[in-house]
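Spelled out, the chains give:
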Amino acid sequence: MASSSPTCSPVGFSGRYYTVSGAGECIRQSSFFQGKAVLNQGVGYSVILGFGAFFAVFTSFLWTWAATILQSSNVAWEYGVSGPFWYASGATIQVLLFGVMAIEIKRKAPHAHTVCEIVRARWGTSAHIVFLAFCFLTNIIVTAMLLLGGSAVVNALTGVNIYAASFLIPLGVIVYTLAGGLKATFLASYIHSVIVHVVLVIFVFLVYTTSSHLGSPKTVYNHILAVSSKSRICSEPISHSGQACGPVNGNYKGSYLTMLSSGGLIFGIINIVGNFGTVFVDNGYWVSAIAARPSSTHKGYLLGGLIWFAVPFSLATSLGLGALALDLPITAEEAGHGLVPPATAVALMGKTGSVLLLTMLFMAVTSAGSAELIAVSSLCTYDIYRTYINPEATGKQILKVSRAVVFGFGCFMGVLAVILNKAGVSLGWMYLAMGVFVGSAVMPIAFMLLWKKANSVGAILGTIIGCILGIITWLAVTKIEYGRVNLDTTGRNAPMLAGNLVSILVGGLVHALCSFLWPQNYDWDGTKKITMVEKDKTDLPADEFNEDKLIRSKAWIIKWGIGFTVVIAILWPVLSLPARTFSLGYFTFWAAIAIAWGTVASAVVIILPLKESWDTIQSVLLGMFTNDTLLEKFDEINLRLQAIMMAIPEAERLYLLEKEKGKREEAAERQSHNSRSIV
């Protein structure tokens, strides 16, 4: 990605991205990838179509989005150390708090299949239709982010046409999902997680310990200081518009090495609102909560949230800050499309880095895409087909419809991704805007299971009015601030912040006000009567649904979920403020936390499932490795049984002879006794 011409560098360590012109000027590379692929197109097509087909053998269900890997490093490149922190904390607290909802659904709607089934049981058909629309919109947004990020990276690294990639990626996901159906085995989730976390650890240690280009927190620290130096010349042609150069606007003293960042904080707020929407309004999370074992649900969500924190925090603190420390000529457009991680991977490891990043990314794209397809198929089958078309649908009919929906929605998203790419919509823009569109439904959905007074009128009005006002505010602020409304201006921080906040707050306030004025006083009888498609075949003991146990579990997750939320969203950033611009020692400590968190989380992900399932694994392995011996034993038993069966006629003859002999002896004895009596 660098020129072979004579080089120069204003910072002394990135000469391969600068050339000396004939006039003696130092010219920076205009972009990192410059339309040149690192790998050939064959690799790209193999990845797009091959991963889905290969892992279709297993199938999976996990929550590491492509946005987690790509967007988190983008905000690190844009805001510095505050970016990865706010991405990780802002998207973790929803998972921690969703544990409360997971317990409540076990208490109040134990046989529900989707969140919208619960909405209909409590609030009726009108509310059901409204929330169905918002759930579908959430799934469309999340899937669009997967495809936009995935297609951009494949295009940059392999040269595969971005529109072809946009349409072909969903096809691989369709195969992957249909092969496994709705069962989603633990094996594939485990394989996915292991791959993601192993690659994460490789990149973290590469940046901070082993790389010849960086290799230590001290080198990363000094390079970032040089990149953001106030004395650095950032005019054309030694730098170009949209590239990282000089002090950062909105950061304390223009430094990337500070938590005092207005841009980082604004992103954090937008991130919190948006991720509440894509957790609480994404039916996929509810499907996962419904499938979870009641006794382990609360601890599972807490542990999962804390482990997931490591993916954006550790990865972006490495690849995102690594891009700055290497002074890579990444443009804002490239960053917006999620190309910061692949750029850093290529700069540090060449083709090997690009292969590792592609592998990690497509574990996320394929499995999370599968989860979204399953979520949509659940809504269509249970909330549309079974509710309004065929209420007596059998399990076989439900499965047939769900497969048709998976195929149809996958194709639809492929076409939509092509349209969005053609329109210039980026992963970054979509990520920031998601809260504007679906944030208004968050609090009504939470109230549905947590507040008996919450009524249907408030839920409908709050959700619709909040969304409309959020969009109006978003566009109005854009027009007022920048004088024009387009993809560039609507994607900036001020309009996004205003739209996100109005959407979620108005939705909650309208619903709360209506519910106080006309309380429903619901007892959840209707939600408890939601029936399974066929007879419930669960093998869970009744004790799993014991009310006292579930209440204790709820108290536990409230205590620890809120506790960790306070720590990572309030205490941590507040305690880091006195540091102002990080010293070398403070940054080293910060990097050590990222390394340790990522390493420990990866170890837990790899080891804990093995430990928890060890008895089952032993049984499977025993069966695999003793199978021949068992067959030999069965053959021996069969031979003995045959011998016994063949001996049965002879044994019967001997028995009859002995019996006849006994009768004769008995008769003779009686005759002898009678003779003596006569005498």
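What you see is a predicted model, and the numbers here were worked out from it, not measured in a lab.

So, how was this worked out
Residues numbered from 1 in each chain as written. Predicted model: local features only at pLDDT ≥ 70, side-chain atom pairs only at ≥ 80, totals over all residues. Heavy atoms only, no water. Buried < 20%, exposed > 50% of the residue type's maximum accessible area, 1.4 Å probe, protein only. Helix = DSSP H or I, 4+ residues; strand = E, 2+ residues; numbered from the N terminus. Contact = heavy atoms within 4.5 Å. Axes fitted to C-alpha atoms, helices over the stretch in contact; angles between N-to-C directions. Left-handed = near helix turned anticlockwise from the far one by under 90°. pLDDT = per-residue confidence, 0-100. Phe/Tyr/Trp six-rings, centres within 6.5 Å; stacked < 30°, edge-to-face > 60°. Disulfide = S-S within 2.5 Å. Salt bridge = Lys/Arg side-chain N within 4 Å of Asp/Glu carboxyl O.

## Describing helix H4 (residues 115-123)
Residues separated by three or four positions in an α-helix point in the same direction, a consequence of the helix having 3.6 residues per turn. With seven of nine residues buried, H4 is to be regarded as a mostly interior element. Of the positions making up H4, those classed as buried are Val-115, Cys-116, Glu-117, Ile-118, Val-119, Arg-122 and Trp-123.

## Describing unusual backbone geometry
Cis peptide bonds are those with omega within 30 degrees of zero, and the linkage from Glu-236 to Pro-237 qualifies with 0 degrees. Along the chain, Pro-237 turns up in the loop between helix H8 (217-227) and helix H9 (262-280). Although it is not a glycine, Trp-524 sits at a positive phi angle of roughly 65 degrees. Locating Trp-524 in the fold gives a position in the loop between helix H20 (493-517) and helix H21 (525-528). For Trp-524, a relative accessible area of 11% translates into the label buried.

## Some thoughts on the side chain of Ser-82
Relative to the assigned elements, Ser-82 resides in helix H3 (residues 82-108). Once residues within four sequence positions are removed from consideration, Ser-82 is found in contact with Thr-258, Met-259, Ser-261 and Gly-264.

## Re the packing of helix H13 (residues 340-349) against helix H14 (residues 351-389)
At a minimum axis distance of 6 Å, the contact between H13 and H14 shows a crossing angle of 145 degrees. Handedness of the crossing formed by H13 with H14: right-handed. Residues Pro-341, Pro-342, Ala-345, Val-346 and Met-349 of H13 form the contact with H14, whose own contacting residues are Lys-351, Thr-352, Gly-353, Ser-354, Leu-356 and Leu-357.

## Some words on the confidence of the model for the chain
Close reading of the predicted structure is inappropriate where its pLDDT is low. Mean pLDDT for the chain: 82, with 84% of residues reaching 70 or above. Highest mean pLDDT in the chain belongs to helix H18 (residues 456-482) (96); lowest belongs to helix H1 (residues 41-55) (59). Between residues 52-64, whose pLDDT stays under 50, and residues either more than four places distant or in other chains, the model counts 55 contacts. For residues 181-186, every residue scores under 50 in pLDDT, and the model assigns this stretch nine contacts once sequence neighbours within four places are set aside.

## Focus: the packing of aromatic side chains
Counted by the stated rule, this structure contains 34 aromatic pairs. Ring plane angle 80 degrees and centroid distance 4.9 Å describe the contact between Phe-32 and Phe-33, whose orientation is recorded as edge-to-face. The pair formed by Phe-32 and Phe-33 is uniform in burial state, with each residue classed as buried. Each ring, one from Phe-313 and one from Trp-572, has its centre 5.5 Å from the other, and the planes form 75 degrees; the classification is edge-to-face. Here Phe-313 is found in helix H11 (residues 294-325), whereas its partner Trp-572 is found in helix H22 (residues 547-576), with 259 residues between them in sequence. Just as Phe-313 is buried, Trp-572 falls in that class too.

## Describing the state of the cysteines
Taken as a whole, this structure holds one disulfide when the rule is applied. For the unlinked cysteine Cys-116, the closest cysteine sulfur is that of Cys-135, found at 3.7 Å. Judged by relative accessible area, Cys-116 falls into the buried class, the value being 0%.

## Here's the deal with the pattern of salt bridges
For the coordinates displayed, the defined rule picks out seven salt bridges. Arg-107 is paired through a salt bridge with Glu-104; the nearest N and O atoms lie 2.8 Å apart. Remark: Glu-104 and Arg-107 occur in helix H3; sequence separation between them is three residues, near one turn of the helix. Among the ionic pairs, Arg-386 bridges to Glu-117, the shortest N-O distance being 3.5 Å. Placement of Arg-386 in helix H14 and of Glu-117 in helix H4 is noted, with a sequence separation of 269 residues between them. Accessibility classification places Arg-386 together with Glu-117 in one group, the buried group. Three or more residues joined by partner-sharing salt bridges are found here, namely Glu-104, Arg-107, Lys-108 and Lys-554.

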